[in-house]
Amino acid sequence: EAEAVLRELREVVRPLREPGYGEALRKKAERARKRRLRLQRRKHEARAAKEEEAARAAEREAKIDQWRAKCIQEGEEKNRERELKAAADSVLSEVRKKQADTKRMVDILRGLEKLRKLRKEAAARKGVCPPPSADEAFETQVESLKTLLKTRTELYEAEERALRVMLEGEQEEERKREMEKKQKKEREKLLQQKLEMDSKLFGDPAEFPLAHLLQPFRDYYLQAEHSVAALIQIRHEWDQYLVPADHPEGSCIPPGWVLPSVPTNDTWATAVR
């Protein structure tokens, strides 16, 4: 039995004594290790890609929410303006209606005065004269009504002026907001043009976020913005070439940056890039 067990052990150990078995075993272990690392790297890359996609999705959602909130705010502002204008127009219409009623009452009062005068003249031709107390009572009542109507007219005119001032103020605010929006768009447009011009002149800063290779040239061309002496020197150099606009051998100083021309061949385009 011992010899049988020994033979089995020798059969098990025999491959370990072969010359290339250890190297093959090492290579197999290395392949397994590389496979585990590769799987771990793929898993990590997949997780990183998933996280990046989630971050991009969150950024898109944030931009969409911001845009939606902006649209809602603009819609609410427009609705408030419409409601305020409608309310002001309604109140103004009501005031004008009151003014028209007051004017109609004034016309009626004048008609009553004219009618009483005609009736009094007709009665006088017939020899009938009303007592002085009746004239005094009528005149007192008419004057009281005239005073009341005058007070109401002045009150309605003041209300109309106040509403017109409010409407004009709202219109002025609306014009001011429109002007501010227009100026903001103009500033953004000018800023974008400046960025494009700077990119053409000095290169794209995004390509060199840490140390821009063209920064020394940028500092050189913009030194006049930070130094009066440099400004005077540069202006002196430019003034040497001042010529009239119609001079046949020169041209006037351009008002801004002189942008480079578009490459005319592939070799030049490659050098520019």
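Once a new chain begins, its residue numbering starts again from 1 and follows that chain's sequence as written. Given that the model is predicted, a residue must reach a pLDDT of at least 70 before its local features are reported, and side-chain atom pairs must reach 80 or more before they are shown or counted; all residues, however, enter totals for whole chains, interfaces and linings. Side-chain metrics rest on all non-hydrogen atoms present in the structure, leaving aside hydrogens and water.

**Here we look at the overall build of the protein chain**
Then step 1. Secondary structure elements are taken from DSSP: a helix is a run of H or I of four residues or more, a strand is a run of E of two residues or more, and numbering for both begins at the N terminus. When helices and strands are counted, the protein chain shows 6 helices and 0 strands.
Then step 2. Going residue by residue from the N terminus, the α and β elements of the protein chain occur as α-α-α-α-α-α.
Then step 3. Within these notes, the globule rule equals 2.2 Å times the number of residues to the 0.38 power, and the radius of gyration is based on C-alpha atoms. Over its C-alpha trace the protein chain gives a radius of gyration of 48 Å, far above what one expects of a compact globule, namely 19 Å for 273 residues.
Then step 4. Along the three orthogonal principal directions, the C-alpha set of the protein chain runs to about 170 × 90 × 35 Å.
Then step 5. Only protein chains enter the calculation, and the probe is 1.4 Å; a residue is then buried if its accessible area is under 20% of its type maximum, exposed if over 50%, and partly exposed in between. Here the protein chain holds 273 residues, and the buried ones make up 7% of them.

**A word on the UniProt feature "coiled-coil region" (unreviewed entry) in the protein chain**
Then step 1. UniProt positions are given in the numbering used here, feature names are shortened, and annotations may be inferred rather than shown by experiment. According to UniProt, the positions carrying the feature "coiled-coil region" (unreviewed entry) are residues 168-196.
Then step 2. Helix makes up 100% of residues 168-196 and strand makes up 0%, while its end C-alpha atoms are separated by 42 Å.

**A closer look at helix α2 (residues 21-125)**
Then step 1. For α2, with 105 residues, the first-to-last C-alpha span of 153 Å sits near the 156 Å given by 1.5 Å per residue.
Then step 2. Within α2 the residues assigned to the buried category are A88, L92, V95, T102 and L109.
Then step 3. Just downstream of α2 lies G127, where phi reads positive at about 85 degrees. One less than the residue count of a helix, multiplied by 1.5 Å, gives the span that helix is expected to have.

**Focus: a positive patch on the surface**
Then step 1. Here, patches come from residues exposed beyond 30% relative accessible area and free of salt bridges, joined within 9 Å for like charges and within 5 Å for nonpolar side chains (Val, Leu, Ile, Met, Phe, Trp, Tyr). Residue-level accessible areas treat just the shown protein chains as cover; the underlying method is Shrake-Rupley with a 1.4 Å probe. Between Lys or Arg on one side and Asp or Glu on the other, a salt bridge is scored when a side-chain nitrogen of the former is within 4 Å of a carboxyl oxygen of the latter. This count recognises Lys and Arg as positive and Asp and Glu as negative, with His and chain-terminal groups excluded. Here the site of a charge means atom NZ of a Lys, CZ of an Arg, CG of an Asp or CD of a Glu. The grouping of K70, K78, R82, K181, K184, K185 and R187 at the surface amounts to a positive patch.
Then step 2. Of all the elements in the fold, those that place two or more residues in the positive patch are α2 and α3 (132-202).
Then step 3. With 4 residues, α3 is the largest single contributor of residues to the positive patch.
Then step 4. With respect to the helices and strands, K70 occurs in helix α2.

**Looking at a nonpolar patch on the surface**
Then step 1. Taken together, F217, Y220, Y221, W257 and L259 make up a surface patch of nonpolar side chains, about 560 Å² in accessible area.
Then step 2. Tracing the backbone through its elements, the reader meets L259 in the loop between α5 (228-239) and α6 (266-272).
Then step 3. Given the relative accessible area of 36%, L259 is considered partly exposed.

**Observations concerning the nonpolar core**
Generally speaking, nonpolar side chains in soluble globular proteins are found buried as a group.
Then step 1. Grouping buried Ala, Val, Leu, Ile, Met, Phe, Trp, Tyr and Cys residues that are joined through side-chain atoms within 4.5 Å yields what is termed a nonpolar core. Of all hydrophobic cores here, the largest spans 6 residues; its members are A88, L92, V95, Y156, L163 and L167.
Then step 2. For this core, the elements supplying multiple residues, two or more each, are α2 and α3.
Then step 3. The contact criterion used is simple: two residues touch if any of their non-hydrogen atoms lie within 4.5 Å. Apart from the residues lying within four places of it in its own chain, the contact partners of V95 are Y156, E159, E160 and L163.

**Points about the packing of aromatic side chains**
Then step 1. Whether two aromatic rings pair depends on their centres lying within 6.5 Å, for rings of Phe, Tyr and Trp, where Trp uses its six-membered ring; planes under 30 degrees apart make the pair stacked, over 60 edge-to-face, and the rest tilted. Tallied over the full model, the rule gives 1 aromatic pair.
Then step 2. Consider the rings of Y220 and Y221, whose centres lie 5.3 Å apart with planes at 75 degrees: the pair is edge-to-face.
Then step 3. Note on Y221: relative accessible area 47%, which makes it partly exposed.
Then step 4. One cation-aromatic arrangement involves R116 over F138; the distance from NZ or CZ to the ring centre is 4.6 Å. For a ring to carry a charge above it, either NZ of a lysine or CZ of an arginine must fall within 6 Å of the ring centroid while also lying within 35 degrees of the normal to the ring plane.

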